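# Residue-level structure breakdown
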Amino acid sequence: MATTGGSTRRRFVASPGAWLVWGAVVFFFVNLAGVIGSVLVNSFGTRWFDTWLPQGFTTTWYGTAWREFGLLPVLVVTLEVSLLVVGISVLIGVPAAYVLARRSFPGRRLLYLLFLLPILMPPITYGIPLATVLYKYGFAGHLSGVVLANLVPSVPFVILTMTPFIEQIDPAIERAARMCGARTGQVFVRILAPLLTPGILAASILVLVRTVGMFELTFLTAGPDSQTLVVALYYSMSAAGIRAQQSVDAMAVIYTSMMLVLLVVALRFVNPTQLVARVREDID
Amino acid sequence: MTPKDQNPTVRVALRHRLAERGVDRQLLLLAPAALFVLVLFVYPFLYGVGLSFQPARGGVFGAYREFFADPYQRDTIWITLRLSLPAALLNVAASVPIAYRMRGRFRGKRLLTTVLVVPITLGTVLTAQGLLNFLGPTGWFNRLLLATGLTDDPVRLTYNYWGVFFSIVITGFPFAFLLVLSYLSGIDPALERAAATLGAGWVQRFRRITLPLLAPGLATTFCLTFVLAFSVFPSAVLVGDPAGETRVISIAAYEAAYLRYDYPMAATIAVLMGVVELLVIAAVLGWRSLLYTGSTAGGKG
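Residues numbered from 1 in each chain as written. Chains lettered and ligands numbered in written order. Predicted model: local features only at pLDDT ≥ 70, side-chain atom pairs only at ≥ 80, totals over all residues. Heavy atoms only, no water.

### Focus: the interface of chain A and chain B
With 100 residues of chain A at the interface, the matching set in chain B holds 92 residues. When chain A packs against chain B, the two sides together hide about 8,400 Å² of surface, and 76% of this comes from carbon and sulfur. Where chain A packs against chain B, one counts zero salt bridges. The interface formed by chain A and chain B holds four residue pairs in polar contact (both at pLDDT 80 or more) in total. Broken down by element, the side of chain A that touches chain B gets its largest block of residues, 17 residues, from helix 2 (residues 16-44) of chain A. Looking at the side of chain A that touches chain B residue by residue, the classes come out as 69 nonpolar, 18 polar and 13 charged. (Contact = heavy atoms within 4.5 Å. Buried area = accessible area lost by both parts, 1.4 Å probe. Salt bridge = Lys/Arg side-chain N within 4 Å of Asp/Glu carboxyl O. Polar contact = N/O pair within 3.5 Å; in protein donor to acceptor, adjacent residues only side chain to side chain. Helix = DSSP H or I, 4+ residues; strand = E, 2+ residues; numbered from the N terminus. Nonpolar A, V, L, I, M, F, W, Y, C, P; charged D, E, K, R; others polar.)

### A few points about the confidence of the model for chain A
When pLDDT drops low, the exact placement of atoms in the prediction is not to be read closely. Residue and element names in this part refer to chain A. Taken over all residues, the pLDDT of chain A has a mean of 81, while the share at 70 or more is 88%. When the criterion is pLDDT under 50, residues 1-12 qualifies, and its contacts beyond four places in sequence or with other chains add up to ten contacts. Within the model, pLDDT remains below 50 along residues 276-284, and this stretch shows 16 contacts once partners closer than five positions in the same chain are excluded. (pLDDT = per-residue confidence, 0-100.)

### Notes on the packing of aromatic side chains
Taken as a whole and judged by the stated rule, the model has 33 aromatic pairs over all chains. With a centroid separation of 4.8 Å and an interplanar angle of 20°, the aromatic rings of F215(A) and F219(A) are classed as stacked. The exposure classification of F215(A) matches that of F219(A), with both residues buried. Here F41(B) and F45(B) contribute two aromatic rings whose centre-to-centre distance is 6.0 Å and whose plane-to-plane angle is 20°, an arrangement assigned as stacked. Of the two residues, F41(B) and F45(B) are both situated in helix 2 (residues 31-52); the distance of four residues between them amounts to about one turn of the helix. By relative accessible area, which is 6% here, F41(B) ends up buried. (Phe/Tyr/Trp six-rings, centres within 6.5 Å; stacked < 30°, edge-to-face > 60°. Buried < 20%, exposed > 50% of the residue type's maximum accessible area, 1.4 Å probe, protein only.)

### Some details on the side chain of N91(B)
All names here are of chain B. Looking at the secondary structure, you find N91 in helix 4 (residues 71-101). Residue classification places N91 among the buried positions, given a relative accessible area of 1%. With near-sequence residues (within four places) excluded, N91 lies in contact with I168, V169, G172, F173, A176 and T225.

### Observations concerning the pattern of salt bridges
Close approach of charged atoms lets side chains of opposite charge pair. Within the structure shown, the criterion is met by three salt bridges over all chains. We note a salt bridge from R102(A) to E174(A), for which the minimum N-O separation is 2.3 Å. With a gap of 72 residues between them, R102(A) in helix 4 (residues 71-102) and E174(A) in helix 8 (residues 171-179) connect regions that are remote in the sequence. Residue classification places R102(A) among the partly exposed residues on the basis of a relative accessible area of 23%. Across the pair R205(B) and E192(B) runs a salt bridge whose closest N-O atoms are separated by 3.4 Å. Of the two residues, R205(B) is situated in helix 10 (residues 202-230) and E192(B) in helix 9 (residues 189-197); the sequence distance between them amounts to 13 residues. A residue is classified by how much of its surface remains accessible, and E192(B), at 8% relative accessible area, is buried.

### Re helix 4 of chain A
Over its 32 residues, helix 4 of chain A runs 45 Å from end to end, which matches the ideal 46 Å to within 8%, given 1.5 Å per residue. Where helix 4 of chain A bends most, the angle comes to about 25°, and this point is G93(A), followed within four residues by the proline P95(A). (Expected span 1.5 Å × (residues − 1). Bend = angle between axes of the 7 residues up to and from the residue.)

### Details of a nonpolar patch on the surface
The grouping of W52(A), L53(A), F57(A) and L144(B) at the surface amounts to a nonpolar patch, some 440 Å² of accessible area in total. Relative to the assigned elements, F57(A) resides in the loop between helix 2 and helix 3 (60-68). (Patch = residues over 30% accessible without salt bridge, like charges linked within 9 Å, V, L, I, M, F, W, Y side chains within 5 Å. Areas by Shrake-Rupley, 256 points an atom, 1.4 Å probe, with all protein chains shown as cover.)

Here it is in structure tokens:
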């Protein structure tokens, strides 16, 4: 391992290509830091016109944002929607992922394509007809409509994320359990569920992050009482002029810190690069 | 055999024959998911397609004719493609060399991956606000350009094409990078080392070994990044010029549905959006099917 580190560092110094690549990365991050930093500074600033930094610093914008936007109910709605979506999509998705990963049957490829489509289509393309249908049956405008709409990409996402985790489990374990007389339900609860816990946690957290950040579907189906944080933020920003820029910035900072916490938690459970292909890092 | 058992035997035989083809009770586990996709995805989608053929006037294809007759609507397709194709290409192309450098182990790899993933958490509004603050006429970026004397007037980068382009790059790049990195890590480094012992140089190794093995993964990454970029809606409104230069197709669909309450038209635009997007994806995946799609693990794979 020490030799690998050494050789990497030597390459780091020698090749001009490496310098170019890292230079581009640094340039991207400097600008990204500027983008994030300017929002952060502005959310703490008092008046900021034609200078490098605001005239003074204050924390009042956070209090203002919290009160003006009624953030507490919005956060409660966001939490309700995302927990419901996570729960339902895991309950529906995991058994389906299990069958798709283990079994072959006529129509399997077609079904797989059907589950792939909601991920391959932009949310607006199916969101608008879906919202029309949900309005027709009286779901849209309420929490239930928002949850139903958000399930459309989440269930396929759970299925796709869980498939590699299921493939990693040796089918011999299940066969052994069946030989000892366990029924499918028992196999699921006693054998698969404990072995799949890391996978289910990973999928849940990724769905949670996606749902909290999902703008289009919530935007198309939410009523005034069922807005999640992203949608409330969008409305507050597109209605610019009514609200102070700084309090919108403060709200955006609150949102991003929430997402950041979620993502850091997610990264503790799942190595993001292993979602697509199983990687043997101990190879060299 | 008693007559009583006759019927069950027939049923058992059918069950056996089905089981031989892989159909048995366990498939019922699929039922909730299949039902769910049918009710919440296929049905609404077909309903939308049906709705698009029932406009208030102009007969069956009235809404489609109306869309293509009006340049203000028709051009949204072109505007969307002009934004999303270059942005998706840039994201994928930039990911390859960076991911190439990040293979294997080195100190701080996990930290670097985490930092690269952070933009996923930003959300459209913070990205939009940040771009407006940072790239705006009095923002830090223009301030720096003016201070170093690179320009005399502030560069205009917000409320136009570039603002939206940057916002797509910021949100799409981490995603593309993660995918490319995982595809690239799946390629066995022993293959390249074998080529190196045969005397292949850096360029040859990349062109003859890594790139062909990586290409299918790149196609997938491009598709997923393109979907993200193609559906750009909030940032086209917030940092773009939603009435002109960045009037993307999702804005047209939204306006038809929620401002003019013209649901057949909205459904038509949604269908067209899906068709254009699937055409691009089909082209990319069709090209991909011409490429090698076997194991990238080398050895016995």
